[in-house]
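Spelled out from the first residue to the last, the chains are:
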Amino acid sequence: MNPYWVQILMLACIVAISAQGLNIIYGYAGLFSLGHAAFYGIGAYTAAYLMKLYGGQSQAAFLAALLAGGGASAAVAYLIGLPTLRLTSDYLGIATLGFGIIMKVVFDNADSFLPELGGARGMTGIAKMTTIPWVIFFLLVSLLVVRNTIHSSYGRAILSVREDEIAAETMGIDTFQYKMVGFVTGCAFAGVAGGLYAHLYTFLHPSNFDFFKSIDLLIIIVLGGLGNMSGTLVASFGWIFLLEGLRVVLPPGYVELRWVLIPVLLIVAMLLRPQGIFGAHEFPFLREKGTR
Amino acid sequence: MLRKSHTEKGKLVKRNLFIPVLAVLLAGVFPGCSKSPVGKEMKIGLITPLSGDVKTFGESVKNAFEIAIEEANAKGGVAGMKIATFIVDDRNDPTEASNAANLLINQHGVKAIVGSVTSKATIPVSDLAQSSRIPTITGTATNPKVTVADGKRKDFMFRACYTDSFQGTVMAKFSRDELKAATAAILYDVSNDYSKGIAEVFRDSFARMGGEVVAYESYGKDDVDFSALLTKVKAAKADVLFLPDYYNKVGLIAKQAKEKELKAKLVGPDGWDSPELVKVAGDAIEGGYFSNHYSPEDTRPEVVNWVKKYREKFGQTPDALGTLVYDATNMLLEAIQEAGSDDPVKIRDALASLKGFEGVTGKFTMDENGDPIKSAVIIQIRDGKQKFLQVVNP
Amino acid sequence: MDYFVQQVINGLQLGFVYALIALGYTMVYGIVRLINFAHGDVFMIGAFIGLYTIERFQWPLAAVFVSAVVGCTVLAVLIEQLAYRPLRHAPKIASLITAIGVSLFLEYFTSLRQVFGPHYYSFPRPFPVVSWHWYGILVTNIQAVIFLVTILCLLLLQFIVFRTKMGRAMRAVSFDYVTAGLMGVNVNMVISFTFGLGAALAGVGGVLYGIAYPQVNTFMGFMPGLKAFTAAVLGGIGNIPGAVLGALIMGQSETMVSAYLSSTYRDGIAFVILILVLLWKPTGIFGTSRTEKV
């Protein structure tokens with residue numbers, strides 16, 4: 001198959017993994033996080049650094065590096081979550097936005113404490129380890145984890161926090177703990193996705209992890225339907241293919257229209273269908289047993 | 001779960017639209033799109049930021065490329081083939097640049113690429129070009145890692161401009177030797193690798209030549225208020241203020257520096273080169289010095305013809321980036337002519353052995369890293385115009 | 001000492017400009033609980049209107065401000081009616097995404113060659129720069145103009161919000177729009193008015209910004225918008241004096257970090273301060289904690 005479409009397909013899967021993470025955080029746990037791209041970046045740089053310095057070309061090392069990337073994101077998420085998860089929705093949004101900007105500053109200046117990371121000059125020399133099997137593997141894992149968690153009592157607790165935090169507290173649910181679980185898990189997904197990205201494009205630059213990228217992910221999960229795995233999956237693929245498709249289809253003189261058309265489509269989509277493409281409907285294999 | 005009619009219908013409508021639209025988009029891809037006549041053609045791709053934050057540079061690069069290709073096709077093409085071009089936008093984003101290169105190489109089947117503009121977009125392109133063995137030349141990316149990274153030369157990648165190291169050293173030397181500066185302050189854009197790269201080299205060279213760097217401060221890409229930084233520079237009493245950035249930022253900083261009554265002399269690299277510089281900065285940039293590839297006072301026919309052609313077609317004076325890409329494209333075309341075919345390896349070999357190519361921006365010879373060996377000129381802004389001062393040879 | 005005072009003045013200059021933008025965010029949020037991401041771009045349009053009226057038509061300064069105000073107000077009201085009003089009863093996230101869409105559209109559409117174009121345009125100075133030296137401190141007439149105009153706008157705003165009937169209606173709607181509607185307030189009109197008022201301030205801010213930092217391009221609204229929004233949250237979103245205080249704090253902290261530490265951390269510091277403040281006061285400095293009725 002044409003290497004171009006293979007690369008785009010892999011990118012779409014990677015975005016889908018990261019988006020599932022944000023889906024857990026915002027769609028299911030109701031936490032308005034605007035800094036998701038920062039966690040994607042933490043995972044990317046961690047995995048790339050470890051792999052470059054210690055891993056060489058081995059597949060086992062790659063797996064370890066990816067998990068380390070996810071772990072690093074999860075750890076940072078935990079630290080950030082401790083003070084901020086107590087804030088209400090819009091304030092949490094701003095706090096995570098702020099965190100995202102702080103991380104971008106850190107990435108830009110990373111080369112002053114770890115020269116390998118390159119800072120604003122970019123990190124090169126990353127091995128091209130990501131392949132279709134890896135990407136599909138992690139995508140399936142992420143879908144399974146989300147599906148099984150959500151359809152368990154853990155998941156119901158998380159959902160209850162989103163629906164009505166006060167009622168959940170009254171029912172004896174430690175809302176903070178469940179919020180933290182949701183947040184950390186979602187950020188771990190982003191971290192793994194970041195590691196996969198780094199080893200597909202073999203070049204990392206802080207501009208890949210800025211606020212705009214967080215916005216892209218938010219748009220994807222809302223378009224797909226908040227708290228909807230199938231929607232997030234389809235929207236991730238749709239978004240990437242739409243971006244590339246427009247690039248290919250538009251004649252050269254009109255290329256700049258790409259980013260004029262996309263916001264228009266976005267506004268129209270929101271006006272016509274604010275609950276997202278899928279709303280509450282899920283693909284059969286993702287539904288809870290016994291539901292329609 | 002029981003879900004009733006209105007959700008179903010809404011979903012149905014959206015679902016029904018989504019698939020056909022997606023299908024149309026995908027269908028548009030496979031035939032590929034090009035604007036080319038029939039017959040044996042030389043397929044060349046251009047990657048440039050036609051949207052996004054450096055769109056203005058991306059456009060001038062595209063214009064320059066188009067003029068170069070048109071000229072060649074008017075003369076019957078190159079090596080007996082008409083040139084077919086594929087222009088792709090990368091929005092100055094590394095991921096998109098990589099996708100663009102992938103599209104050009106694997107979908108459109110180009111045999112050579114010109115691009116991209118910034119180093120962060122060009123490095124991923126160079127990696128892909130190297131692994132696909134497609135000769136690629138950038139007119140403007142200055143990060144050394146574009147052609148040589150992690151100790152390995154990417155021998156299918158070339159450039160037509162100086163690397164950061166050259167200009168940083170040239171201006172440091174000029175500041176020490178000619179301007180007799182004892183102290184220097186540097187303000188650079190932390191998120192721009194052109195700016196950061198040259199700033200680092202200047203700082204190290206200046207110190208090595210016995211000068212003292214009294215301020216080394218960074219700002220962000222979107223910053224417009226330099227009051228705090230300029231006040232700091234003023235207090236540090238620097239003789240020279242080095243501003244390695246593009247003309248738009250430099251103009252802004254210069255203006256504010258004048259308002260703060262800064263006495264330091266302003267110095268910079270080729271990012272200053274643009275007819276807009278004086279427009280933006282006004283008399284604040286008067287007396288400033290910068291290194292460039294050529295002087296507009298140059299009466300060489302290449303320069304005069306180029307400026308005339310660009311003016312006629314696009315109604316503006318060309319800027320440095322466009323001019324560099326014009327040269328880069330012509331270098332590529334000459335290499336293809338040498339190679340006599342569209343075989344990427346032959347073209348690569350011809351590019352690598354380029355000697356004494358007379359471009360608008362100077363005489364080029366490729367070194368073993370795919371970087372050009374060429375002289376620089378130092379220009380001073382006097383009476384709102386660029387005045388040639390001296391030549392610096394590598 | 002001189003250095004310190006000079007930097008304080010620099011910080012004030014920055015803070016005042018942020019304040020004009022922050023007010024728009026805070027007022028709109030107070031009334032419809034929407035983070036209007038497009039606000040920074042309305043500010044950008046104000047700057048461009050300033051550019052055209054000064055450069056092409058060469059109108060006097062007062063006319064320039066008026067045209068920016070009119071232009072931005074009309075734009076904001078249009079956006080509100082076309083994009084936000086239909087979604088008022090939809091999930092809040094839909095309005096947010098729409099706001100993002102409007103913001104992106106404004107930025108990219110105006111960057112098309114046929115509209116404003118992608119370049120960085122030089123903003124003309126409508127009056128020559130005059131500087132005064134005071135005990136070793138340098139103050140320019142530009143800074144003086146910024147201070148005066150901003151303070152004037154603030155006083156005007158205070159008057160409107162606390163001394164007019166419309167102002168009372170605004171306060172009522174932001175407190176409880178259902179009851180306000182029952183009391184005979186035309187809620188739709190009040191909301192549109194609020195958007196317009198915020199945009200008017202942004203328009204003034206745009207012109208002042210253009211005068212102080214004479215370069216405009218269609219993406220210029222994004223960062224100041226973000227910082228101004230942060231300032232509004234810092235001060236307690238929905239609170240007018242809070243927005244001003246937050247903006248001044250943001251401006252000072254940015255300047256002081258550049259002046260005494262390293263400018264590399266400038267953007268980061270502002271957000272660290274924000275997070276610290278939110279930990280201490282989760283609804284911002286002057287924010288009122290909203291009690292949720294169960």
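Residues numbered from 1 in each chain as written. Chains lettered and ligands numbered in written order. Predicted model: local features only at pLDDT ≥ 70, side-chain atom pairs only at ≥ 80, totals over all residues. Heavy atoms only, no water.

*Asks:* Got a minute to help me understand the overall build of chain A in this structure?
*Replies:* Per the secondary structure count, chain A includes eleven helices and zero strands. In chain A, the succession of α and β elements from N to C terminus is α-α-α-α-α-α-α-α-α-α-α. At 19 Å, chain A has a C-alpha radius of gyration in line with the 19 Å of a compact globule built from 292 residues. Once the C-alpha set of chain A is aligned to its principal axes, its extents read approximately 55 × 45 × 35 Å. Put simply, chain A has 292 residues, and 66% of those count as buried. Taken as a whole, chain A presents about 9600 Å² of accessible surface, with 69% of it coming from carbon and sulfur. When the 16 basic and 15 acidic side-chain charges of chain A are each reduced to a single mean position, those positions are 8 Å apart. (Helix = DSSP H or I, 4+ residues; strand = E, 2+ residues; numbered from the N terminus. Rg over C-alpha atoms; globule rule 2.2 N^0.38 Å. Buried < 20%, exposed > 50% of the residue type's maximum accessible area, 1.4 Å probe, protein only. Areas by Shrake-Rupley, 256 points an atom, 1.4 Å probe, with all protein chains shown as cover. Lys, Arg positive; Asp, Glu negative; His and termini not counted. Charge placed at Lys NZ, Arg CZ, Asp CG, Glu CD.)

*Asks:* Sorry if this is basic, but what is going on with the nonpolar core here?
*Replies:* In terms of nonpolar packing, the biggest core is built from 338 residues, with A:Leu204, B:Ile44 and B:Leu241 touching the most fellow members. For this core, the domains that each give at least three residues are domain 1 (39-162 + 300-375) and domain 2 (165-292) of chain B. In this structure B:Ile44 touches B:Phe65, B:Ile69, B:Ile83, B:Ala84, B:Thr85, B:Phe86, B:Val110, B:Ala112, B:Val114, B:Leu332, B:Leu333 and B:Ile336, once residues within four positions along its chain are discounted. Counting residues in hydrophobic clusters, the runner-up holds five residues, among them A:Phe203, B:Ala141, B:Val146 and B:Met157. (Core = buried A, V, L, I, M, F, W, Y, C linked by side-chain atoms within 4.5 Å. Domains from an automatic or database assignment. Contact = heavy atoms within 4.5 Å.)

*Asks:* When you look at the interface of chain C and chain A in this model, what are you seeing that I'm missing?
*Replies:* Accessible area lost upon the coming together of the parts serves often as the stated size of an interface. On the chain A side, the residues contacting the 45 residues of chain C number 35 residues. Both faces combined, the contact of chain C with chain A buries some 3600 Å², and carbon together with sulfur accounts for 84% of it. The interface formed by chain C and chain A contains zero salt bridges. Here chain C and chain A share one residue pair in polar contact (both at pLDDT 80 or more) between them. (Buried area = accessible area lost by both parts, 1.4 Å probe. Salt bridge = Lys/Arg side-chain N within 4 Å of Asp/Glu carboxyl O. Polar contact = N/O pair within 3.5 Å; in protein donor to acceptor, adjacent residues only side chain to side chain.)

*Asks:* Looking at this structure, how should I read the interface of chain A and chain B?
*Replies:* With 49 residues of chain A in contact, the opposing surface of chain B contributes 53 residues. For the chain A face of the interface with chain B, the top three residues by lost area are A:Arg121, A:Arg247 and A:Val248, together amounting to 15%. There are four salt bridges connecting chain A and chain B. A salt bridge links A:Asp111 to B:Lys196, with the nearest nitrogen and oxygen atoms 3.1 Å apart. At the junction of chain A and chain B, the tally comes to 19 residue pairs in polar contact (both at pLDDT 80 or more). Among the elements of the structure, helix H1 (3-28), helix H4 (89-108), helix H8 (175-201), helix H10 (229-249) and helix H11 (258-272) of chain A are those that each provide at least two residues to the side of chain A that touches chain B. Sort the elements by how many residues they give to the side of chain A that touches chain B and H10(A) lands first, with nine residues. Split into classes, the residues belonging to the side of chain A that touches chain B amount to 22 nonpolar, 15 polar and twelve charged. (Nonpolar A, V, L, I, M, F, W, Y, C, P; charged D, E, K, R; others polar.)

*Asks:* I'm lost on the packing of helix H9 (residues 222-235) of chain C against helix H11 (residues 266-280) of chain C in this one. Help?
*Replies:* Helix packing for two helices is described by the angle between their axes and how far apart those axes are. Residues and elements named next belong to chain C. At a minimum axis separation of 10 Å, H9 and H11 run at an interaxial angle of 25°. Viewed along their axes, H9 and H11 adopt a mutual orientation that is roughly parallel. The two elements H9 and H11 meet at a crossing, and its hand is left-handed. Along its contact with H9, which presents Met223, Lys227, Thr230, Val233 and Leu234, the element H11 presents Asp267, Phe271, Ile273, Leu274, Val277 and Leu278. (Axes fitted to C-alpha atoms, helices over the stretch in contact; angles between N-to-C directions. Parallel < 35°, antiparallel > 145°, perpendicular 65-115°, else oblique. Left-handed = near helix turned anticlockwise from the far one by under 90°.)

*Asks:* Any chance you could explain the pairing of strand S16 (residues 376-382) of chain B here in plain terms?
*Replies:* One face of the sheet, then the other: side chains in a regular strand alternate in exactly this way. All names here are of chain B. Of all the seven residues making up S16, six are buried; the element is thus mostly covered by neighbouring parts of the structure. Pairing geometry for strand S12 (residues 289-292) and S16, over four bridges, is antiparallel. Across the sheet, residue Phe290 finds its bridge partner in S16, namely Ile379. Looking at chain direction, S16 and strand S17 (residues 385-392) are connected through seven bridges and run antiparallel. Within S17, the residue paired with Ala376 across the bridge is Val392. Where S16 folds back on S17, the antiparallel hairpin that results is connected by two residues, among which Asp383 adopts a positive phi of roughly 55°. (Pairing = 2+ DSSP bridges.)

*Asks:* Just to check I follow, could you spell out unusual backbone geometry for this structure?
*Replies:* Excluding glycine, a negative phi dihedral is what most residues carry, and trans is how most peptide bonds are arranged. All names here are of chain B. For the bond from Gly115 to Ser116, the omega torsion is -15°, close enough to zero to count as cis. Within the chain, Asp150 stands out as a residue other than glycine whose phi angle is a positive 55°. Turning to its location among the elements, Asp150 is positioned in the loop between strand S5 (148-149) and strand S6 (152-153). For Asp150, a relative accessible area of 42% corresponds to the partly exposed category. In this structure, Lys237 is a non-glycine residue whose phi angle is positive, near 55°. Mapped onto the elements, Lys237 comes out in the loop between helix H7 (227-235) and strand S10 (240-242).

*Asks:* When you look at a nonpolar patch on the surface in this model, what are you seeing that I'm missing?
*Replies:* Residue and element names in this part refer to chain A. On the surface, Leu63, Leu67, Phe137, Val141 and Val145 cluster together into a nonpolar patch covering about 370 Å² of accessible area. Contributing elements (two or more residues each) for the nonpolar patch: helix H3 (59-84) and helix H5 (132-150). Here the element with the most residues in the nonpolar patch is H5; it accounts for three residues. Here Phe137 lies in helix H5. (Patch = residues over 30% accessible without salt bridge, like charges linked within 9 Å, V, L, I, M, F, W, Y side chains within 5 Å.)

*Asks:* Could you clarify how one ought to interpret the sheet that holds strand S1 (residues 41-48) of chain B in this entry?
*Replies:* The strands that make up a sheet pair up through hydrogen bonds in the backbone, lying either parallel or antiparallel. Residues and elements named next belong to chain B. Taken together, the five strands give an open sheet; going across it, the order is S2-S1-S3-S4-S7, and neighbouring strands pair in parallel fashion. Of all the strands in the sheet, just strand S2 (82-89) and strand S7 (157-159) have a single pairing partner and so form its edges. Between one strand and the next, the sheet's axes are offset by a mean angle of 20°, whatever the strand orientation. Bridging between strand S3 (residues 112-115) and strand S4 (residues 136-138) involves two bridges; their strand directions are parallel. Each bridged residue has a counterpart across the sheet, and for Ile113 the counterpart in S4 is Thr136.

*Asks:* Where do I start with empty space enclosed by the protein in this structure?
*Replies:* A water-sized probe rolled over the atoms picks out the places where empty space is left. The full count for this structure, using the stated rule, is ten cavities of 30 Å³ or more. Along the wall of the second largest cavity there are 22 residues; nearest its centre are A:Leu11, A:Val15, A:Lys213, A:Asp216 and A:Ile240. Counting only elements with at least two residues in the lining of the second largest cavity, the list comes to H1, helix H2 (36-55), helix H9 (211-224) and H10 of chain A together with helix H3 (94-107) of chain B. Take the lining of the second largest cavity: its biggest share by element is five residues, from H10(A). Of the residues that constitute the lining of the second largest cavity, the class distribution is ten nonpolar, four polar and eight charged. (1 Å grid on protein atoms, 1.4 Å probe; cavity = no way out; pocket = protein on both sides within 12 Å on 5 of 7 lines; lining within 4 Å. Points joined across faces, edges and corners; volume = space filled by probe spheres on them.)

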